[in-house]
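In case you want the letters, here they are:
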Amino acid sequence: EAAVTQSPRNKVAVTGGKVTLSCNQTNNHNNMYWYRQDTGHGLRLIHYSYGAGSTEKGDIPDGYKASRPSQENFSLILELATPSQTSVYFCASGASDRNYAEQFFGPGTRLTVL
Amino acid sequence: QQKVQQSPESLSVPEGGMASFNCTSSDRNFQYFWWYRQHSGEGPKALMSIFSDGDKKEGRFTAHLNKASLHVSLHIRDSQPSDSALYFCAARATDSNYQLIWGSGTKLIIKP
């Protein structure tokens, strides 16, 4: 079965600090995604990637950067963390060879910014 | 902005009962629809996909799609306590860049 892992699973950061969330997938999928999930907002897309070296802005990219150094790894970077970025973050991967491909999600990272 | 409206926000169903969720999309370009389920503390997982008008049945789960009315629904019969979770609908347009447009989710609670 498709496998997406995230680290860390829980993170407490201070306001103004730098936070890096990591994601690894063993599905050999070209596409990867970063979402945040907040009560009342469902899943909101932050950044996504079509392959190694590519990053694209999603619906709410402000305050976030992304990095895709390889097919398997996709990172989300908060250069200057703020309390409003306290949330649960999910990484997902998906195939790019068919439009009906589903997305496979990791277990999530709970980030608290104090 | 493309949207998928999902209802209800929450739903409480007795064990063994029927649970129903609804989504209405705002764009006729949406051609591919999924239902995802998320148990507490986990990531969402695809439950069912439906791409053609009509019903699609998988065990206790039935999805229905009506592209003319831009409406998709999910029905769970004989609901079990393990069905308690957050349910999302998601849609993709044929001319999309593989992005999914997500509904806001429905919290389902199964009462023993």
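Residues numbered from 1 in each chain as written. Chains lettered and ligands numbered in written order. Predicted model: local features only at pLDDT ≥ 70, side-chain atom pairs only at ≥ 80, totals over all residues. Heavy atoms only, no water.

1. A closer look at the sheet that holds strand 8 (residues 73-78) of chain A
Residue and element names in this part refer to chain A.
- Taken together, four strands build an open sheet; the order of strands is 1-3-8-7 and the sheet is antiparallel. Both edges of this open sheet fall to strand 1 (4-7) and strand 7 (65-67), since each of them pairs with a single strand only. In this sheet, adjacent strand axes meet at a mean angle of 20° when their direction is disregarded.
- Strand direction decides the pairing type here: strand 7 and strand 8, joined by three bridges, are antiparallel. Bridge pairing in strand 8 links Ala-66 to Leu-76. (Pairing = 2+ DSSP bridges. Helix = DSSP H or I, 4+ residues; strand = E, 2+ residues; numbered from the N terminus. Axes fitted to C-alpha atoms, helices over the stretch in contact; angles between N-to-C directions.)

2. A few points about the environment of B:Asp95
All names here are of chain B.
- Mapping Asp-95 onto the fold places it in the loop between strand 9 (85-93) and strand 10 (101-102).
- Accessibility expressed as a relative area gives 58% for Asp-95, which makes it exposed.
- It is 8.8 Å that separates the C-alpha atoms of Asp-95 and Phe-30, two residues lying 65 residues apart in sequence. (Buried < 20%, exposed > 50% of the residue type's maximum accessible area, 1.4 Å probe, protein only.)

3. Looking at the nonpolar core
- Counting residues in hydrophobic clusters, the biggest one holds 25 residues, and the most contacted among them are B:Phe21, B:Trp35, B:Leu74, B:Tyr87 and B:Leu108.
- Mapped by element, the contributors of at least two residues to this core are strand 3 (19-25), strand 4 (30-38), strand 5 (45-50), strand 7 (61-66), strand 8 (71-76), strand 9 and strand 11 (106-111) of chain B.
- Per-element tally for this core: the top contributor is strand 9 of chain B, with five residues.
- Discounting chain neighbours no more than four positions away, the residues touching B:Tyr87 are B:Gln6, B:Phe21, B:Tyr36, B:Arg37, B:Leu47, B:Leu74, B:Ile76, B:Gly105, B:Thr106 and B:Leu108.
- With 18 residues, the next largest nonpolar core counts A:Ala13, A:Leu21, A:Phe74 and A:Cys91 among its residues. (Core = buried A, V, L, I, M, F, W, Y, C linked by side-chain atoms within 4.5 Å. Contact = heavy atoms within 4.5 Å.)

4. Digging into the sheet that holds strand 3 of chain B
Residues and elements named next belong to chain B.
- Strand order in the open sheet made by the five strands is 1-3-8-7-6, with antiparallel pairing throughout. In this open sheet, the two edge strands, each paired with only one partner strand, are strand 1 (4-7) and strand 6 (54-58). In this sheet, neighbouring strand axes are inclined to one another by 15° on average, regardless of whether the strands run parallel or antiparallel.
- Here six bridges tie strand 7 to strand 8, and the two strands are oriented antiparallel to one another. Paired with Asn-66 across the strands is His-71, a residue of strand 8.

5. Things to note about the state of the cysteines
- Counted according to the given criterion, the structure contains two disulfides over all chains.
- A sulfur-sulfur separation of 1.9 Å characterises the disulfide bridge that pairs A:Cys23 with A:Cys91. Between A:Cys23 and A:Cys91 the disulfide shows an S-S torsion of about -75°. By sign, it is left-handed. One end of the pair, A:Cys23, is in strand 3 (residues 19-25); the other, A:Cys91, is in strand 9 (residues 87-94), with 68 residues separating them in the sequence.
- Judged by relative accessible area, which is 0%, A:Cys91 ranks as buried.
- Bridging B:Cys23 to B:Cys89, the disulfide has an S-S length of 1.7 Å. Residues B:Cys23 and B:Cys89 are joined by a disulfide whose S-S torsion is about -85°; by sign, that bridge is left-handed. One end of the pair, B:Cys23, is in strand 3; the other, B:Cys89, is in strand 9, and 66 residues separate them in sequence. (Disulfide = S-S within 2.5 Å.)

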